[in-house]
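Letter by letter, the chains look like this.
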Amino acid sequence: MEIDPFIFRLSIFVLSIFIGYYVVWSVTPSLHTPLMSVTNAISSVIIVGAIIAGLSGNIESIFNTSNIFGFLAIFLAAINIFGGFLVTQRMLQMYKKKKKNK
Amino acid sequence: MSANLLAIFYLISGILFVLALRGLSSPETSRRGNLFGILGMIIAITVTFLSIGNFSTGFIYVLIFLLVGATIGAFIAYKIPMTAMPELVAGFHSLVGLAAVFVAISAFLNPLAFNLGSPGDIKVSSLIEMSIGAAVGAITFSGSIIAFLKLRGIMSGSPITFKGQHYINLLLGISIIVLIFYLCRTQSDSIFWRIIEISFLLGLLLIIPIGGADMPVVISMLNSYSGWAAAGIGFTLENTALIITGALVGSSGAILSYIMCKGMNRSFVSVILGGFGTTNSSIDKNQNKKPVKSGNAEDAAFLMKNASSVIIVPGYGMAVAQAQHVVREMADNLKKNGVKVSYAVHPVAGRMPGHMNVLLAEANVPYDEVFEQENINNDFANTDVAFVIGANDVTNPVAKTDPKSPIYGMPILDVEKSKSVLFVKRSLSPGYAGIDNELFYRDNTLMLFADAKKMTEEIVKNLG
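**Observations regarding the overall build of chain A**
The secondary structure content of chain A amounts to four helices and zero strands. Moving toward the C terminus, one meets the helices and strands of chain A in the order α-α-α-α. Buried residues in chain A amount to 57% of all 102 residues. A separation of at least 24 residues holds for 63% of the contacts in chain A among residues at least 6 apart in sequence.

**Considering the environment of Thr161(B)**
For Thr161(B), the position within the fold is in the loop between helix H5 (124–152) and helix H6 (165–186). Between the C-alpha atom of Thr161(B) and that of Ile210(B), which follows or precedes it by 49 residues, the distance is 8.6 Å.

**Some points on a nonpolar patch on the surface**
Taken together, the side chains of Ile3(A), Ile7(A), Phe8(A), Leu10(A), Val14(A), Phe18(A), Tyr21(A), Tyr22(A), Trp25(A) and Tyr258(B) make up a nonpolar region of the molecular surface, amounting to roughly 1000 Å² of accessible area. Following the sequence through the fold, Tyr22(A) ends up in helix H1 (residues 5–25).

**Some words on the pattern of salt bridges**
Per the stated rule, a full pass over the model turns up 14 salt bridges over all chains. Across the pair Glu238(B) and Arg9(A) runs a salt bridge, and its minimum N-O distance is 3.4 Å. Placement of the pair is Glu238(B) in the loop between helix H8 (215–237) and helix H9 (240–264) and Arg9(A) in helix H1, with the two residues belonging to separate chains. Among the ionic pairs, Glu87(B) bridges to Arg152(B), the shortest N-O distance being 3.5 Å. Here the residue Glu87(B) occupies a position in helix H4 (residues 85–109), and Arg152(B) occupies one in helix H5, the gap between them amounting to 65 residues.

**Considering the packing of aromatic side chains**
Think of a pair of aromatic rings as described by two things: how far the centres are apart, and how the planes are tilted against each other in angle. Under the criterion given, the structure shown has 16 aromatic pairs over all chains. A ring pair is formed by Phe13(A) and Phe235(B), whose centres lie 5.3 Å apart and whose planes are at 75°; its orientation type is edge-to-face. Of the two residues, Phe13(A) sits in helix H1 while Phe235(B) sits in helix H8, which places them in two different chains. One exposure class covers both Phe13(A) and Phe235(B), and it is buried. Between the aromatic rings of Tyr21(A) and Tyr22(A), the centroid separation amounts to 5.2 Å while the plane-to-plane angle is 90°, which identifies the pairing as edge-to-face. Of the residues examined, Tyr21(A) reaches a relative accessible area of 39% and is grouped as partly exposed. One cation-aromatic arrangement involves Arg351(B) over Tyr316(B); the distance from NZ or CZ to the ring centre is 3.6 Å.

**A look at the side chain of Asp451(B)**
Counting through the fold element by element, Asp451(B) comes out in the loop between strand S8 (445–449) and helix H17 (452–463). A distance of 3.3 Å separates a polar atom in the side chain of Asp451(B) from a polar atom in the side chain of Arg426(B).

**Side note on the packing of H1(A) against H9(B)**
The interhelical angle for the contact between H1(A) and H9(B), taken along N-to-C directions, is 40°, at an axis separation of 8 Å. Here H1(A) is positioned oblique relative to H9(B), judged by the angle of their axes. Both H1(A) and H9(B) take part in a crossing whose hand is right-handed. Touching Arg9(A), Ile12(A), Phe13(A), Ser16(A), Ile17(A), Ile19(A), Gly20(A), Tyr21(A), Val24(A) and Trp25(A) of H1(A) are Thr240(B), Ile243(B), Ile244(B), Ala247(B), Leu248(B), Ser251(B), Ser252(B), Ile255(B), Tyr258(B) and Ile259(B), all from H9(B). Grouping the constituent residues of the contact of H1(A) with H9(B) by class yields 14 nonpolar, five polar and one charged.

What counts as what
- Residues numbered from 1 in each chain as written.
- Chains lettered and ligands numbered in written order.
- Predicted model: local features only at pLDDT ≥ 70, side-chain atom pairs only at ≥ 80, totals over all residues.
- Heavy atoms only, no water.
- Helix = DSSP H or I, 4+ residues; strand = E, 2+ residues; numbered from the N terminus.
- Buried < 20%, exposed > 50% of the residue type's maximum accessible area, 1.4 Å probe, protein only.
- Contact = heavy atoms within 4.5 Å.
- Patch = residues over 30% accessible without salt bridge, like charges linked within 9 Å, V, L, I, M, F, W, Y side chains within 5 Å.
- Areas by Shrake-Rupley, 256 points an atom, 1.4 Å probe, with all protein chains shown as cover.
- Salt bridge = Lys/Arg side-chain N within 4 Å of Asp/Glu carboxyl O.
- Phe/Tyr/Trp six-rings, centres within 6.5 Å; stacked < 30°, edge-to-face > 60°.
- Lys NZ or Arg CZ within 6 Å of the ring centre and 35° of its normal.
- Polar contact = N/O pair within 3.5 Å; in protein donor to acceptor, adjacent residues only side chain to side chain.
- Axes fitted to C-alpha atoms, helices over the stretch in contact; angles between N-to-C directions.
- Parallel < 35°, antiparallel > 145°, perpendicular 65-115°, else oblique.
- Left-handed = near helix turned anticlockwise from the far one by under 90°.
- Nonpolar A, V, L, I, M, F, W, Y, C, P; charged D, E, K, R; others polar.

On their own, these measurements won't tell you what the molecule is for.
Right, here's the structure in full:
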């Protein structure tokens, strides 16, 4: 009997939920907003699916419906990736410690 | 590039995303964590391009859409004021949701490109995965749009409820499941479109009844949904990076929702069912007849200057008035006078998790002066002045004393235990929960009726 590859992916999925569970509990509450913006940015890795869809056309038909939806998804995900990571960076720059000499 | 090598690279970017979240355990490591995240994204995108290796046809368009999106994203990230962060996060969630829907549509229309079969003959497992991804994505999209409009103030923040709405939602939810079942049997386009339409509608209806101060839960919940949508698409595309990320984001949002619900002592279900505060509008009005001591900036400045310790309790009102900078100025002034100043942040203060912390950080308040509820609550008893600015329900002692109160059992900040309480507020109007704050009528409370920012500015002047 062979194991369906789906089961492997399901294992990855379940284990990742556990990793997420433990990692997120260790996030300090003061950084919960950056946590949301960075999870936003990384979930836009969905762009890889959009790129595949966008590049799937042939020379005669670059603009069939499937490709157009791919292009639009690339556009949306790109806003999210750049916006998400940069705004996170901007927020994190603001978190400073008390100056020692004070 | 071979499929195996590709999978290994996706695994690496998945691990880098874990490290990005791990970095957020402390502000020192967080910036490096963010760089890990960026690196993970670059790897994922680069190997995807290399794996296709088809740079002739659509490549230029892919690049154009990528660059336009990137420019807009970067522009927003640099321009957005920190006070607009809750609606920005909601807006970003909606984009992830819609992108998931679009990718699912592409995969449905052109399954060959994703190795899922041919149009009209898509693998059943893929159909289920992509329709779940599309449905959750669509709910995330329309729900986030409503959350965005409410947070932005374009739509009223008060809950909109109507009779039977939970049954309608339930019915819509069931019909999505039934339609997915039929989609697998018929492979019909029109059923696929119906699933997406109903999901959009369900997203709208789910968020409409939820009011402003419950937004921290809603935002975290939508964060979670965007993750599950990504994971659904990840299963369709058989992409490990997407599965790992989806699981991480999904559980992250779920944990945040849990923390927010606990901060309000409300069950997740009751938040989602919405309509909080509307049923309790008939509060006994005779409480309002009690005497209230009100003061001015001079009194407040005098009290704080002669105190040895002050705890500042910020809330949503501080964000609305954009008073965080002048609050910090006031704190600096007090510190010069030898007063010990710290900040107490309630988990649900503001409109999203960590909202107050970001604003205080923006105003250059060192993060080691800002404390979470459980770390500072015992200090109120030894504190001379609690300065409450823009917070209300989270300080209401009624949560501990009156089992009939809608906020009974909510963990509150024990400001009433400090020697005196300064309460900056526009009027005696009740907070979001629609209940009177008993604190207003206490002997040791001095009400400062004014706009949060103006009052604090006045106090700074009086501190000299």
